Amino acid sequence: MDKIVGIGNALVDVLVLMDDDKMLENLHLPKGSMQLIDKKTLFEIRERTVGQKLHRATGGAAANTICALAELEAQTGFIGKVGRDEFGRFFEQTLKKRGVDTSLLKCDCPSGVASAFVSSCGERTFATYLGASATLCADDLARSMFEGYSYLYIEGYLLQDHDLIVRAMRLAKEMGLQVCLDMASFNVVEAERDFFDMLITKYVDIVFANESEARAYTGKDPQEALQEIASKCSIVIIKTGKDGSLIKKGTEEIQAKPLPVKKVVDTTGAGDFYAAGFLYGLTCGYSLEKCAQIGTILAGSVIQTVGTALTKKKWNEIKLNIEAVLQA
């Protein structure tokens with residue numbers, strides 16, 4: 001099985017359950033929004049949540065994908081940056097416990113934290129402090145971090161640092177790795193369209209996008225966007241929500257149906273888990289259709305729970321579903 005290394009923001013998700021929305025008002029957080037916050041607001045959140053029962057989990061798009069791959073017993077690694085603090089230790093220990101080889105750099109600023117405030121109605125409001133994760137830079141990367149891997153998986157949220165992402169892709173290509181890019185967010189694509197185009201044309205082998213990201217990049221609907229992006233790289237995957245996904249490699253084109261889900265609880269991590277399932281299939285040498293089906297199983301499973309930390313029982317169920325797909 002081929003090995004995959006991911007690079008991205010090393011974040012710890014902290015889930016805060018609220019009886020009412022007073023805390024959001026006090027912190028000036030619009031309900032249902034995702035806000036980037038500074039260190040002062042981070043410390044204020046910590047003060048206001050002292051004594052409350054908090055749920056912690058590793059977060060960040062690429063880390064979610066790598067951890068899900070590790071749960072499927074794929075050989076994985078992760079490159080990122082954390083602080084020398086409790087959250088940094090938690091992030092590193094959790095990844096290692098899951099069997100992920102970590103190349104985590106350390107710095108003196110606080111580790112990145114994504115606080116998720118859950119209202120009584122179930123709506124989530126995010127306050128994200130990037131912290132140490134945002135200080136990862138091109139000079140931090142070394143050839144040795146990519147040694148022994150066949151794939152590099154990069155989250156699009158890193159595109160704000162052009163030097164970092166170009167160096168990561170160059171080193172990966174020099175070491176013979178295939179480069180996988182998840183577009184991450186339509187507003188990131190809109191802001192960095194020309195840079196995305198250069199990366200995809202010059203370095204990227206596999207592109208993951210949802211339909212809004214694909215439209216932001218090409219200005220076209222999913223089917224036409226699929227054709228355009230496929231002309232620039234090896235494999236393109238466009239996730240189309242309740243309609244499933246579209247995949248194209250050369251002349252081969254597939255439309256994968258979504259997994260029937262009774263109730264969607266939380267869509268956090270759906271795209272990250274789809275990528276994990278697809279890449280797992282790819283590293284095992286399965287057909288594109290099987291890869292898409294495995295990706296669909298993982299995405300359909302994570303949206304039925306709060307957060308991205310699935311139970312052992314759920315992972316066993318996922319593995320049985322994958323086995324059924326492979327035997328079909």
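Before reading on, note that the structure itself is shown above.
These numbers come from a predicted model, not from an experiment.

A. Local environment of helix α9 (residues 222-230). Every buried residue of α9 is accounted for by P222, A225, L226, E228, I229 and A230. Tucked into the core, α9 has its buried residues touching α7 (193-202), β11 (206-210), α8 (211-218), β12 (235-239), β13 (245-249) and β14 (252-256).

B. Expanded view of the pattern of salt bridges. This structure, assessed with the given rule, holds 18 salt bridges. K248 is the partner of E253 in a salt bridge, and the nearest nitrogen-oxygen pair spans 3.6 Å. Salt bridges here are not isolated pairs; linked through shared partners, they connect D197, K220, E228 and K232.

C. Geometry of the layout of surface pockets. Reported here for the second largest pocket is a volume of approximately 210 Å³. Secondary structure elements with two or more residues in the lining of the second largest pocket: β4 (54-59) and α4 (86-97). Here the lining of the second largest pocket is built from residues that sort into three nonpolar, four polar and six charged.

D. Quick look at the pairing of strand β8 (residues 124-129). A large share of β8 lies buried, amounting to five of its six residues. Across three bridges, strand β3 (residues 34-36) lies against β8 in parallel orientation. Pairing of M34 across the sheet is with F126, part of β8. Sheet analysis places strand β7 (residues 112-118) next to β8, joined by six bridges and oriented antiparallel. Opposite V113, over in β8, you have Y129 as the bridge partner.

E. How the structure looks around the packing of aromatic side chains. The full count for this structure, using the stated rule, is five aromatic pairs. Seen in terms of ring centroids, F208 and F278 are 5.8 Å apart; in terms of plane orientation they differ by 85 degrees. Their pairing is edge-to-face. Of the two residues, F208 sits in strand β11 while F278 sits in helix α10 (residues 270-283), which places them 70 residues apart along the sequence. Here F208 falls in the buried class, since its relative accessible area comes to 0%. Look at F278 and you get buried, because its relative accessible area is 0%. Their ring planes at 25 degrees and their centres at 6.0 Å tell us that F273 and W315 sit as a pair that is stacked. Of the two residues, F273 sits in helix α10 while W315 sits in helix α12 (residues 312-327), which places them 42 residues apart along the sequence. Given the relative accessible area of 4%, W315 is considered buried. Members of the aromatic cluster, joined through ring pairs, are Y153, F208, Y274 and F278.

F. Focus on the environment of K106. Structurally, K106 can be placed in strand β6 (residues 101-107). K106 sits in the partly exposed class, given a relative accessible area of 37%. Along the sequence, K106 and V166 sit 60 residues apart, while their C-alpha atoms lie 22 Å from each other. Residues contacting K106, with those up to four places away along its chain left out, are K81, V82, R84 and E92. Here E92 takes part through its side chain, which lies 3.3 Å from a polar atom of the side chain of K106.

G. How the structure looks around the sheet that holds β13. Spatial ordering of the open sheet is given by β6-β5-β1-β9-β10-β11-β12-β13-β14, a layout of nine strands whose pairing is mixed. Both edges of this open sheet fall to β6 and β14, since each of them pairs with a single strand only. Neighbour-to-neighbour, the strand axes of this sheet turn through a mean angle of 15 degrees, independent of strand direction. As paired strands, β13 and β14 are joined by five bridges and run antiparallel to one another. Residue pairing in the sheet places K249 in a bridge with E252 of β14.

H. Quick look at α12. In this model, α12 (16 residues) spans 23 Å end to end at C-alpha, consistent with the 22 Å of a helix rising 1.5 Å per residue. Residues of α12 that are buried include every one of K314, W315, I318, I322 and V325, and no others. Buried residues along α12 cover an arc of 95 degrees about the axis, so they all sit on one side. Residues of α12 that are exposed and point over 90 degrees away from its buried face: K312, K313, L320 and Q327. In this fold, the buried residues of α12 make contact with α3 (61-71), α10 and α11 (288-302).

I. Fine view of the sheet that holds β3. The five strands lie next to each other as β3-β8-β7-β2-β4, forming an open sheet whose pairing is mixed. At either end of the open sheet lies a strand with only one pairing partner, and these are β3 and β4. In this sheet, adjacent strand axes meet at a mean angle of 20 degrees when their direction is disregarded. Packing against the sheet, α4 makes contact with β2 (11-17), β4 and β7, and its axis sits at approximately 60 degrees to β4.

Cut-offs used in this document
Residues numbered from 1 in each chain as written. Predicted model: local features only at pLDDT ≥ 70, side-chain atom pairs only at ≥ 80, totals over all residues. Heavy atoms only, no water. Buried < 20%, exposed > 50% of the residue type's maximum accessible area, 1.4 Å probe, protein only. Helix = DSSP H or I, 4+ residues; strand = E, 2+ residues; numbered from the N terminus. Contact = heavy atoms within 4.5 Å. Salt bridge = Lys/Arg side-chain N within 4 Å of Asp/Glu carboxyl O. 1 Å grid on protein atoms, 1.4 Å probe; cavity = no way out; pocket = protein on both sides within 12 Å on 5 of 7 lines; lining within 4 Å. Points joined across faces, edges and corners; volume = space filled by probe spheres on them. Nonpolar A, V, L, I, M, F, W, Y, C, P; charged D, E, K, R; others polar. Pairing = 2+ DSSP bridges. Phe/Tyr/Trp six-rings, centres within 6.5 Å; stacked < 30°, edge-to-face > 60°. Polar contact = N/O pair within 3.5 Å; in protein donor to acceptor, adjacent residues only side chain to side chain. Axes fitted to C-alpha atoms, helices over the stretch in contact; angles between N-to-C directions. Expected span 1.5 Å × (residues − 1). Arc of directions from axis to C-beta.

Fair warning: the whole summary comes from geometry, so function is off the table for now.
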